[in-house]
Amino acid sequence: MKEKIIALLEEISNLRATHADEIESLRLKFLSKKGEISTLFNDFRNVSNEEKREVGQLLNDLKNKAQEKINNLKEQLSSESANDEKLDLTRTAEPIAIGTRHPLSLVKNEIIDIFSRIGFTIAEGPEIEDDWHVFSALNFPPEHPARDMQDTFFIEQNPDIVLRTHTSSVQIRVMNKQKPPIRMLFPGRVYRNEAISYRAHCFFHQVEGLYIDKDVSFAELKQALMYFAKEMFGESTKIRLRPSYFPFTEPSAEMDISCNLCGGKGCAFCKYTGWVEILGCGMVDPNVLENCGIDSKVYSGYAFGMGVERITNLKYQVKDLRMFSENDVRFLDQFKSAY
Ligand code: DAH
C-alpha cells in the first residue's frame, strides 16, 4: 500500500492539463467517490495496526496534494485563457497620444537657441523678489509709476517683497555675483496686477538679455537684435529702433520689426503702419552697473527685454492671451516643432 501511495504522489505531482475537460477527468480519476484515492481509503481497513499511523498520514497527505494539484491546474488554465483574450496579436496597435510642448516653451526655447548661437548663456532668478532687485537697483526713482499698486503684486502687506514685474531683476542678481564679461539671457515668468482679458493677463513671460564688457557699443546691440529678428521672423525682416525711456537703460529704445504678416505693406494686424513693436532695449545705465559693484568707467553694456507671449502672437497669431493658460488640448495640439 505504501508503494502504491508513493507512486500516486509521483504521478499527481507530474499531472498536466490543457483543457477544463482534462482536469475534470483527472479529478474524477483521483478524487471522486470511486476514484483511486477513495479506493485506497477503503483498503486502509486492511492495513496492520503497526502501520496504520504511518500509512494514514501518507494517505491524508496524498489526498491534500491531489486536491491542491487539481486546484492549481484550474487556476493556471483560467489565467492563461484570460491572457489569451487580452493578447490579440493581429490587432492594430493603439495609437499613443504624444504630448506637445507648450507654444510659449517652444518660442522661449527658440529665442534661447538663437541667442545661444552668438554666445549667450542662461540664468534664472526668483519670482518672489525684493524692491531692491526689481526696482531700486534698476534705477527706478522712488515715485516711479511702475511701483504703483496698480502694476505690482505685493506680498503680505510688506511693500518690500513683490512678485517680480519683469525679469530685469535677474540682471541685478547676476551682476552682483559675477564679474564681466557677462553675456546672458534671463527667461522667466513675471506678474502684473492687471485685469485679465484677451490682451492682458496677471502673469506672462519674458526673456531678458544682458551683455556687459569693455567698450560695448549701441551698434553691437543693434546688430544682435537685427540678427535675432531675422532668425526669428525670416531673412527679409527689417528692424527699426525708436527712442524710448526705461530707468535702467540710457539711451533706451523700443524695437519694431516690419510686420511679418503683410511684409511691411500695412494690414489690420499692424494697424496699417507696416511695423509691430517687439521689445525694449538700451545701453545699461551706469547707475545700474555701480549699484552692482561694476566700475562704469571700465565697463559698459546693453540690455533688452521681450515678452514671450508677444513674440508667440506675432509668430502664430494667437488672438486671445488667455488661451496660453487654459490648457485646452485642441489649442496646444496645434503646436509641433523641433524646439
Ligand atoms: N523690463 C522691461 C519691461 O518689463 C523690458 C525691458 C526694456 C528690458 C528695456 C530691458 C530693456 O532690458 O533694456 O517692460
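What you see is a predicted model; the values in this text were computed from it and never measured. (Residues numbered from 1 in each chain as written. Predicted model: local features only at pLDDT ≥ 70, side-chain atom pairs only at ≥ 80, totals over all residues. Heavy atoms only, no water.)

### Structural notes on helix 5 (residues 103-116)
Residues separated by three or four positions in an α-helix point in the same direction, a consequence of the helix having 3.6 residues per turn. A rise of 1.5 Å per residue sets the reference length of helix 5, with its 14 residues, at 20 Å; its end C-alpha atoms lie 20 Å apart and thus fit the reference within 8%. Burial in helix 5 covers these residues: Pro103, Leu104, Leu106, Val107, Glu110, Ile111, Ile112, Ile114 and Phe115. (Helix = DSSP H or I, 4+ residues; strand = E, 2+ residues; numbered from the N terminus. Expected span 1.5 Å × (residues − 1). Buried < 20%, exposed > 50% of the residue type's maximum accessible area, 1.4 Å probe, protein only.)

### A look at the packing of aromatic side chains
Given two aromatic rings, one states the distance between the centres and the angle between the planes to describe the pair. For the structure shown, the criterion picks out 13 aromatic pairs. Considering the side-chain rings of Phe140 and Phe248, the 6.0 Å spacing of their centres and the 35° angle between planes classify their relative orientation as tilted. You can see Phe140 sitting in the loop between helix 6 (131-134) and strand 3 (154-155) and its partner Phe248 sitting in the loop between strand 7 (239-246) and strand 8 (249-258), a full 108 residues away along the chain. Note on Phe140: relative accessible area 8%, which makes it buried. Taking relative accessible area as the criterion, Phe248 reaches 11% and is therefore assigned buried. Among the aromatic residues, those joined into a cluster by ring pairs are Phe115, Phe120, Tyr211, Phe228, Tyr302 and Phe304. Over the face of the ring belonging to Phe41 we find Lys63, whose NZ or CZ atom lies 5.9 Å from the ring centre. (Phe/Tyr/Trp six-rings, centres within 6.5 Å; stacked < 30°, edge-to-face > 60°. Lys NZ or Arg CZ within 6 Å of the ring centre and 35° of its normal.)

### Points about the nonpolar core
Ile111, Ile257, Ile278, Tyr302, Phe304 and Met306 are the most contacted members of the largest nonpolar core, which totals 44 residues. With 24 residues, the next largest nonpolar core counts Met175, Met184, Ile212 and Tyr299 among its residues. (Core = buried A, V, L, I, M, F, W, Y, C linked by side-chain atoms within 4.5 Å.)

### Overview of the sheet that holds strand 3
Taken in spatial order, the 3 strands line up as 2-4-3 in an open sheet, and their pairing is antiparallel. Looking at which strands have only one partner, the edges of the open sheet turn out to be strand 2 (128-130) and strand 3. Sheet analysis places strand 3 next to strand 4 (residues 158-163), joined by 2 bridges and oriented antiparallel. For Phe154, the partnering residue across the bridge sits in strand 4 and is Val162. (Pairing = 2+ DSSP bridges.)

### Observations concerning the site of the ligand
Surrounding the ligand, one finds 15 residues, the nearest of these being His166, Ser168, Arg192, Gln206 and Glu208. Here an oxygen atom of the ligand and a side-chain polar atom of Arg192 are 2.9 Å apart. In this structure, Ala303 approaches the ligand through a main-chain N or O atom, which is 3.2 Å from an oxygen atom. A total of 360 Å² of accessible area belongs to the ligand in isolation, and the protein chains cover 89% of it. Mapped onto the shell around the ligand, the elements with two or more residues apiece are helix 7 (168-177), strand 6 (203-213), strand 9 (275-284) and strand 10 (300-307). Residue composition of the shell around the ligand, grouped by class: 5 nonpolar, 8 polar and 2 charged. (Near = heavy atom within 4 Å. Polar contact = N/O pair within 3.5 Å; in protein donor to acceptor, adjacent residues only side chain to side chain. Areas by Shrake-Rupley, 256 points an atom, 1.4 Å probe, with all protein chains shown as cover. Nonpolar A, V, L, I, M, F, W, Y, C, P; charged D, E, K, R; others polar.)

### Some words on the sheet that holds strand 9
Strand-to-strand pairing in sheets goes through backbone hydrogen bonds, with the strands running parallel or antiparallel. A sheet is described by the order of its strands in space; here 7 strands give the open sequence 1-5-6-10-9-8-7, paired in mixed fashion. Bordering the open sheet on either side are strand 1 (121-122) and strand 7, each of which pairs with just one other strand. Looking at chain direction, strand 9 and strand 10 are connected through 5 bridges and run antiparallel. Across the sheet, Gly280 pairs through a bridge with Gly305, a residue of strand 10. The sheet contacts of helix 5 involve strand 1, strand 5 (182-191), strand 6 and strand 10, and relative to strand 5 the element is tilted by about 165°. (Contact = heavy atoms within 4.5 Å. Axes fitted to C-alpha atoms, helices over the stretch in contact; angles between N-to-C directions.)

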